[in-house]
Amino acid sequence: MSKADQHHRRGPSLPDDVVAGPCPHLSEFRARHGAAPFRSLRECIHVRPPGRASVRRDPKEVTVCGACGQAPPRLYACLECAAVSCSLHAPSHAAESPGHAIAVDVNRAELFCCLCGDQVYDPDLDATVVLACGGGSSLRPPPPENLRKRRRVDYRPWDPDLKERVLISKNSTPLPDPNDGVSSSDLPLGLKGLNNLGNTCFMNSVLQALLHTPPFRNYFLSDQHNRYFCQQKNRGKKNEGSNSNKNLRICLACDMDAMFSAVFSGNRMAYSPARFLYSWWQHAANLASYEQQDAHEFFISTLDGIHEKVVKDKRKPHTQGSGDCCIAHRVFSGILRSDVMCTSCGFTSTTYDPCVDISLDLEPNHGSSAKTTPTKANNSCNGGTEAMSSSQSSSVATLIGCLDRFTRPERLGSDQKFFCQQCQVRQESLKQMSIRKLPLVSCFHIKRFEHSPVRKMSRKVDRYLQFPLSLDMAPYLSSSILRGRFGNRIFSFEGDELDASDEFSSEFELFAVVTHTGKLDAGHYVTYLRLSNQWYKCDDAWITRVNEHIVRAAQVYMMFYVQKMLYYKASEELVTS
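Residues numbered from 1 in each chain as written. Predicted model: local features only at pLDDT ≥ 70, side-chain atom pairs only at ≥ 80, totals over all residues. Heavy atoms only, no water.

**Let's talk about the packing of helix 7 (residues 201-211) against helix 11 (residues 252-263)**
Here is the rule we go by: For helices, the axis comes from a line fit to the C-alpha atoms of the stretch in contact; other axes are also lines fit to C-alpha atoms, and the angle between any two N-to-C directions lies between 0 and 180 degrees. Helical segments are the DSSP runs of H or I of at least four residues, strand segments are the runs of E of at least two, and each set is numbered from the N terminus. Oblique is the label for any angle not covered by the other classes, which are roughly parallel (under 35 degrees), roughly antiparallel (over 145) and roughly perpendicular (65 to 115). Pairs of residues are marked as contacts when any of their non-hydrogen atoms sit within 4.5 Å. We call Asp, Glu, Lys and Arg charged. Ala, Val, Leu, Ile, Met, Phe, Trp, Tyr, Cys and Pro are nonpolar, and the rest, Gly among them, are polar.
For the pair helix 7 and helix 11, interaxial distance at closest approach is 11 Å and the crossing angle is 75°. It follows that helix 7 is roughly perpendicular to helix 11 by the angle criterion. Each of Leu-207, Leu-210 and Leu-211 in helix 7 lies in contact with helix 11, whose residues at this interface are Met-256, Met-259, Phe-260 and Val-263. Here the contact of helix 7 with helix 11 is built from residues that sort into seven nonpolar, no polar and no charged.

What follows is the structure in structure tokens.
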């Protein structure tokens, strides 16, 4: 790299007599002109996809240095006289013309002091840039620092008094002590096999994950949904002459409550979830058969069944995105943000969609040239051809890479042009996804079943996926994506309040993995549970302890991460028998 290139990258050298601190030249500039020069730049700010701001009188203008006629990566326009200089000639222009020290980087829309040789910050310029980039409706002043910090509560152990001990003894049954010889098993309490009722491994695998989802488990074990009270209320509605008596008898939450009672009773004999299967068949009549179904579709259908029942009972509207309507959405519901940006003018259309999981495409396999598109989940296990061999897809993908690909700007094809409200014509666009609100438990679904429209055939992708035990979701939040898009402006955007509350909850811990082996039409689901940092394999009615490398070698289909603030080792030890 030449010395000139190094000088362009660094900017002008900082004089030895300049002490780091607030720029005095910017203070002098604001004392003379105030914020008017920054606000007047709004008409000259143009957006370059995917959201980078530049300063041009004309978007097609080619800016060059007025002294040497070159167009290096860094060019500075003086805010006093609008003279454009490169990093070599900007200091001399400021030295020869008093009061001309403050300039704006024309390719980045950032302030620069030509005498200090460093970038300077001004909130009025950032506000102007954000307004010009289309973020005006979501612009907010930054909240006070103390509001961003979550209040910490000291842990205090609870010791029941005499009255509470009497209540506990009268209304509960003590669990068996593992040291008294009652149980020969050293497995944690709640690890119980589920009998296969005929191609129902898809159901057993998801139920094992739900049974050990910490907030979901705590809800049912604390009697937040009492099946006896729910059934009594349903009988009262039946006596009122309701026309939907059959639907009143179906309550997946009641069957889930019964299952929790049986699984955490201390009895190690395998449990048969026949009642739950029957109720699920009534809820999803199109899937009522003994054929193999898709585990991901069963997961979505089960949460939807719990949600519908609770909403009907409470007569609340379907507010899935708020996450406060039922236990299913309080635990798993999040909000996705979708931005579609016009590549011509930079206008951005934003939509928000609630979700209970995130479906991720495996990273592209450069060793295979076949072009495929993912199918819907409900077609993934019903028929198809043989799975592709492992030699065709030997490359290893990563969960981090899949998330990066999910939140990466994607150029939509010419057949997907959207109507730009600013250009008033259909334009090509860029689409970018991000996460506005994180759930308590994040479920990731890996798209392993693909369909080729050219060959008219389906196949399974037998590629392995590397995944971390601890996952930081902060880079994929909408606030992080927006700040990267707008050049890390120090301003709050729409949704920042939600993201600020997630400051301590963006870190997640893995606790359950659902895997799929075999072919499309003849596969088998198995769940691996991580309890107290120990892995257990749940293969229908069989529970075995396994090593971590066994889990990492399996073909991951679904992963369940819980917020680290909820994944306490002590809470796992409480359920150890």
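**Observations regarding the pattern of salt bridges**
Filter applied, for reference: Any carboxyl oxygen of Asp or Glu within 4 Å of a side-chain nitrogen of Lys or Arg constitutes a salt bridge here. We call a residue buried when its accessible area falls under 20% of the maximum for its residue type, exposed when it is over 50%, and partly exposed in between, using a 1.4 Å probe and counting protein chains only.
The final tally for this structure, using the stated rule, is 13 salt bridges. Note that Asp-124 and Arg-30 form a salt bridge whose closest N and O atoms lie 2.9 Å from each other. Here the residue Asp-124 occupies a position in helix 5 (residues 123-132), and Arg-30 occupies one in helix 2 (residues 24-33), the gap between them amounting to 94 residues. Asp-361 is the partner of Lys-447 in a salt bridge, and the nearest nitrogen-oxygen pair spans 3.7 Å. Note that Lys-447 is positioned in strand 17 (residues 441-447) and Asp-361 in strand 10 (residues 358-361), a separation of 86 residues in sequence. Take Lys-447: its relative accessible area is 23%, and that puts it in the partly exposed class.

**Points about the packing of aromatic side chains**
Counted only if it meets this: Pairing of aromatic side chains requires ring centres within 6.5 Å, counting the rings of Phe and Tyr and the six-membered ring of Trp. Pairs whose planes differ by under 30 degrees are stacked, by over 60 edge-to-face, and all others tilted.
Counting across every chain of the model gives 19 aromatic pairs. Pairing Phe-276 with Phe-298 gives two aromatic rings, centres 6.3 Å apart and planes at 70°, and the pair type is edge-to-face. You can see Phe-276 sitting in helix 12 (residues 274-283) and its partner Phe-298 sitting in helix 13 (residues 295-314), a full 22 residues away along the chain. What makes Phe-276 buried here is its relative accessible area of 1%. Here the aromatic rings of Phe-511 and Phe-560 are separated by 6.2 Å at their centres, their planes lie at 50°, and the arrangement is tilted.

**Observations concerning the nonpolar core**
Here is the rule we go by: To form a nonpolar core, buried Ala, Val, Leu, Ile, Met, Phe, Trp, Tyr and Cys residues must be joined to one another through side-chain atoms within 4.5 Å.
With 62 residues, the main nonpolar core has Leu-207, Phe-216, Trp-280, Phe-299, Phe-332 and Phe-560 as its most contacted residues. Dropping the residues within four chain positions of it, Phe-332 is found in contact with Leu-210, Thr-213, Phe-216, Phe-299, Leu-303, Cys-355, Val-356, Pro-439, Val-441 and Phe-560. With 34 residues, the next largest nonpolar core counts Ile-358, Ile-446, Leu-469 and Val-513 among its residues.

**Considerations on the environment of Phe-347**
Mapped onto the elements of the fold, Phe-347 is located in the loop between strand 8 (334-342) and strand 9 (348-355). Along the primary structure Phe-347 and Cys-423 are separated by 76 residues, whereas in three dimensions their C-alpha atoms are 8.5 Å apart.

**Concerning the packing of helix 8 (residues 214-221) against helix 11**
Where helix 8 contacts helix 11, the axes come no closer than 9 Å and their chain directions differ by 90°. With respect to helix 11, the axis of helix 8 lies roughly perpendicular. Mapping the contact onto sequence places Phe-216, Arg-217, Phe-220 and Leu-221 in helix 8 and Ala-253, Met-256, Asp-257 and Phe-260 in helix 11. Residues belonging to the contact of helix 8 with helix 11 are distributed by class as follows: six nonpolar, no polar and two charged.

**Examining the pairing of strand 26 (residues 556-563)**
Applicable threshold: Strands are treated as partners if at least two bridges between them are detected by DSSP.
The buried fraction of strand 26 is high, at eight of eight residues. Where strand 17 meets strand 26, five bridges bridge the pair, whose relative direction is antiparallel. In the sheet register, Phe-444 faces strand 26, and the bridge partner there is Met-559. The pairing of strand 22 (residues 507-518) with strand 26 spans seven bridges and is classified as antiparallel. Across the sheet, the residue bridging to Val-513 is Met-559, located in strand 26.

**Re the sheet that holds strand 8**
Pairing is antiparallel in the open sheet, where four strands are placed in the order 9-8-16-13. Strands at the two margins of the open sheet, each flanked by one partner only, are strand 9 and strand 13 (410-411). The sheet contact formed by strand 13 and strand 16 (residues 429-437) spans two bridges and is antiparallel. Across the sheet, residue Arg-411 finds its bridge partner in strand 16, namely Leu-430. Against the sheet, helix 16 (residues 478-485) touches strand 8, strand 9 and strand 16, its axis set at about 140° to strand 16.

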